[in-house]
Amino acid sequence: MCSSDLGFGAVYDAEHVVTGQAAAVKVMTGESGKLSEQMVQRFLQEARVTARLTHPNTVRIYDFGQTEHGVLFMAMERLRGPTLEDRMAQGPIPQAEVVAIAVQVLRSLAEAHAAGLVHRDLKPANIILHEVPGEASVVKVLDFGIARAGNSAITQTGVALGTPLFMSPEQGRGDSLDLRTDLYALGCILYACVAGRPPFEDTNPVVILMKHQLDPLPDLHA
């Protein structure tokens, strides 16, 4: 098995011992093997939320739980291919390809939004271009770790979680959110795909959040 460090733990390539089905297993152990209550709740939230979603453009969850040693795990569909972030690092993406990616992301979001879920952290690193032999890549949306449904409150009111480069003005303020915040994030992502840069940049994340709230959208062709 190989793994990739994600800060909270790792993701391992795995195979079902009976069926031989390929899978990816996300585990979380915390620092020094200790898990805070918030870490546990965030992890279980992601598992519960994603397990409810079945659209082909959303990563599938097979199982999740906690081992007798206290390690949290989540078994999911194993994906092969670059993230959209990796693809963007190669330079601006042709508009036809950007449109194809956008349509598939929107299909994933449509199911989540119909279920009353808001992703809240849509970004290029959370979009996988899953490689299918002999066919075009299939877009997969993942990491619903801070998604929330209805009035659920894993995080404190007024605390903004997300990625500043792609956060809506209301999310930056810590306001209540609805599906429009995901559409705003996707718009910023598509802008970055075509322009080769996000709409607002700065070394200070707070400045980026303020630009989203106060500055006009930069000319795409500037």
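Fair warning: this is a prediction, and the values are worked out from it, not measured in the lab.

Cut-offs and rules
Residues numbered from 1 in each chain as written. Predicted model: local features only at pLDDT ≥ 70, side-chain atom pairs only at ≥ 80, totals over all residues. Heavy atoms only, no water. Helix = DSSP H or I, 4+ residues; strand = E, 2+ residues; numbered from the N terminus. Buried < 20%, exposed > 50% of the residue type's maximum accessible area, 1.4 Å probe, protein only. Contact = heavy atoms within 4.5 Å. Areas by Shrake-Rupley, 256 points an atom, 1.4 Å probe, with all protein chains shown as cover. Core = buried A, V, L, I, M, F, W, Y, C linked by side-chain atoms within 4.5 Å. pLDDT = per-residue confidence, 0-100.

Before going further, it helps to spend a moment on the overall build of the chain. Across its full length, the chain holds six helices and nine strands. Taking all 222 residues of the chain together, 42% fall into the buried category. Excluding contacts between residues fewer than 6 apart, the proportion of contacts in the chain whose partners are at least 24 apart in sequence is 57%. As displayed, the chain has an accessible area near 11,800 Å², and 54% of this comes from carbon and sulfur atoms.

For the rest of this paragraph, the subject is the nonpolar core. Within the largest apolar cluster, 24 residues are counted, with the highest numbers of intra-cluster contacts made by L84, V105, L122, I127, I189 and C193. Going through the elements one at a time, α2 (84-88), α3 (95-114), β7 (127-130), β8 (138-141) and α5 (180-195) are the ones with two or more residues in this core. Per element, the largest residue contribution to this core is six residues, and it comes from α5. Leaving out residues up to four positions away in the same chain, V105 has contacts with L122, I127, V139, V141 and L186. The next biggest cluster of nonpolar side chains, apart from the first, holds 15 residues, and it includes L44, M74, M76 and L142.

Our next topic: the confidence of the model for the chain. Per-residue confidence for the chain gives a mean pLDDT of 84; residues scoring 70 or more make up 85%. A low-confidence stretch, residues 1-7 (pLDDT under 50), is modelled with 12 contacts involving residues beyond four sequence positions or located in other chains. Taken together, the stretch residues 149-160 has pLDDT below 50 and engages in 16 contacts with residues farther than four places along the chain or on a different chain.

Moving on: the environment of L129. Relative to the assigned elements, L129 resides in strand β7. Sequence separation between L129 and P82 is 47 residues, and the spatial gap between their C-alpha atoms is 5.6 Å. Ignoring any residue separated from it by four or fewer positions in sequence, one finds L129 in contact with R80, G81, P82, L84, R87, I101, S137, V138 and V139.

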